[in-house]
Amino acid sequence: MTFAADKTRITVVGILIAVTLAAVIAIGSRSPSQTGAIYTNRTFGFSLRLPADYTATEAPNTNPPQENGTADIIEFAHGSDSVQLTIMYASYASPQLTTQSLLSNFPSVSGMQTQPFPIAPGNTGLALHADPAHPDEISDVWFGENGYLFQLTAFGDGVSALLPIAHSLTLF
C-alpha cells in the first residue's frame, strides 16, 4: 500500500469516529422535554413515560382515607392538553377490573363502551369510551391495584397522549 492510500484510510476512519462521537453526544444531551421523562410514584407503586414536553403536577389528598375517596390526583400536561390520573381508595378494585365490578360504585359505566386493557402481567384494566362527542376514541383507562382504583382520563388533545402513557405503565 502506498503512503497516500494509508493517509486516505486514516482520514476516513478519523471522520467516521468524529461523526459517531458527535451523534453519541447529541443523543446523550437531549433534555427530558425532547425525549420524554419517566415519572415514578413510589407511594402508589408505578412508573410511566411522559410524552415530550409534558410535566407532572401532584395534588395529594390530606383527608383521611375513605372508600371511593380521592387519595391523589396527578396531572400530566402540556399547555391545555392533559391526562389526569385520579387515584381512589377502592377495596373492590381488583387487578382484573370489569364493567360489572364497577357498576355498584359507578353506575354511569353501564352506558359506556368498554374493553379490556392489559396493564401488566396479571392486571387487566378497562379502556372506556366516555366522550359522546368522540365515541370511537378511548378517553379513559381504569385499573385496580393494592386497594386503589386508578383512573387515567384525557382532556383536550391529551387523548393522543393517553394510550402511550397507559401502555408505558409499570407496576411495582
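None of these values were measured; they are calculated from a predicted model.

1. Description of the nonpolar core
Phase 1 of the analysis: Counting 27 residues, the largest nonpolar core has Phe46, Leu48, Phe76, Leu85, Ile87, Val141 and Leu152 as its most contacted members.
Phase 2 of the analysis: Among the secondary structure elements, those contributing two or more residues to this core are strand E2 (46–49), strand E4 (70–78), strand E5 (81–89), strand E6 (113–120), strand E8 (140–145), strand E9 (148–155) and helix H4 (159–167).
Phase 3 of the analysis: Sequence-distant contacts of Phe46, defined by excluding residues within four places in its chain, comprise Tyr39, Thr40, Asn41, Ile74, Leu85, Ile87, Phe150, Leu169, Thr170, Leu171 and Phe172.
Phase 4 of the analysis: The next biggest cluster of nonpolar side chains, apart from the first, holds 12 residues, and it includes Ala90, Ala93, Leu97 and Leu126.

2. Section: unusual backbone geometry
Phase 1 of the analysis: Unlike most non-glycine residues, Asp53 shows phi in positive territory, near 70 degrees.
Phase 2 of the analysis: With respect to the helices and strands, the residue Asp53 is situated in the loop between E2 and strand E3 (55–60).
Phase 3 of the analysis: If you check the backbone angles, Asn146 has positive phi at about 55 degrees while not being a glycine.
Phase 4 of the analysis: Within the secondary structure, Asn146 sits in the loop between E8 and E9.

3. What to know about H4
Phase 1 of the analysis: By the burial criterion, the buried members of H4 are Ala161, Leu162, Ile165 and Ala166. The arc that holds the buried residues of H4, viewed along the axis, is 130 degrees, so those residues lie on one side. Opposite its buried face, H4 presents the exposed residues Ser160 and His167, each directed more than 90 degrees away.

4. Some words on the sheet that holds strand E10 (residues 170–171)
Backbone hydrogen bonds hold the strands of a sheet together, and the pairing may be parallel or antiparallel.
Phase 1 of the analysis: One open sheet holds the three strands; their spatial order is E1-E2-E10, and the pairing between them is antiparallel. The sheet is open, and its two edges are formed by strand E1 (38–41) and E10, each paired on a single side.
Phase 2 of the analysis: Across two bridges, the pairing between E2 and E10 is antiparallel. Across the sheet, the residue bridging to Phe46 is Leu171, located in E10.

5. Things to note about the side chain of Asp140
Phase 1 of the analysis: Here Asp140 lies in strand E8.
Phase 2 of the analysis: One buried charged residue, Asp140, remains without a salt bridge, the closest side chain of opposite sign being Arg49 at 23 Å.
Phase 3 of the analysis: Here the side chain of Asp140 touches Ser139 through a polar contact of 2.7 Å, side chain to side chain.
Phase 4 of the analysis: Here Thr153 takes part through its side chain, which lies 2.7 Å from a polar atom of the side chain of Asp140.

6. Considerations on the side chain of Gln151
Phase 1 of the analysis: Locating Gln151 in the fold gives a position in strand E9.
Phase 2 of the analysis: Those residues in contact with Gln151 that lie beyond four places of it in its chain are Gln84, Leu85, Thr86, Met88, Phe106, Val141 and Trp142.

Rules and cut-offs
As a convention, each chain's residues are numbered from 1 in the sequence order in which they are written. Local features are withheld for residues below a pLDDT of 70 in this predicted model, meaning they are given only at 70 or higher, and side-chain atom pairs are given and counted only at 80 or more; totals for whole chains, interfaces and linings count all residues. Hydrogen atoms and water are omitted, and side-chain values are computed over all heavy atoms in the structure. Grouping buried Ala, Val, Leu, Ile, Met, Phe, Trp, Tyr and Cys residues that are joined through side-chain atoms within 4.5 Å yields what is termed a nonpolar core. Note on exposure labels: buried denotes an accessible area under 20% of the residue type's maximum, exposed denotes more than 50%, and partly exposed covers the range between, all computed with a 1.4 Å probe on protein chains only. A run of H or I in DSSP becomes a helix once it reaches four residues, and a run of E becomes a strand once it reaches two; helices and strands are each numbered from the N terminus. It only takes one pair of heavy atoms within 4.5 Å for two residues to be counted as in contact. Working definition: the arc comes from the directions between the helix axis and the C-beta atoms, pointing outward to the latter. Pairing between strands is defined by DSSP: at least two bridges between them are needed. His is not counted here, nor are the chain ends, while Lys and Arg score as positive and Asp and Glu score as negative. Whenever Lys or Arg places a side-chain nitrogen within 4 Å of a carboxyl oxygen from Asp or Glu, that contact is recorded as a salt bridge. We define a polar contact as two N or O atoms separated by no more than 3.5 Å, with the added condition that, inside protein, one atom must be a possible hydrogen donor and the other a possible acceptor, whereas residues neighbouring each other in sequence contribute only through side-chain atom pairs.

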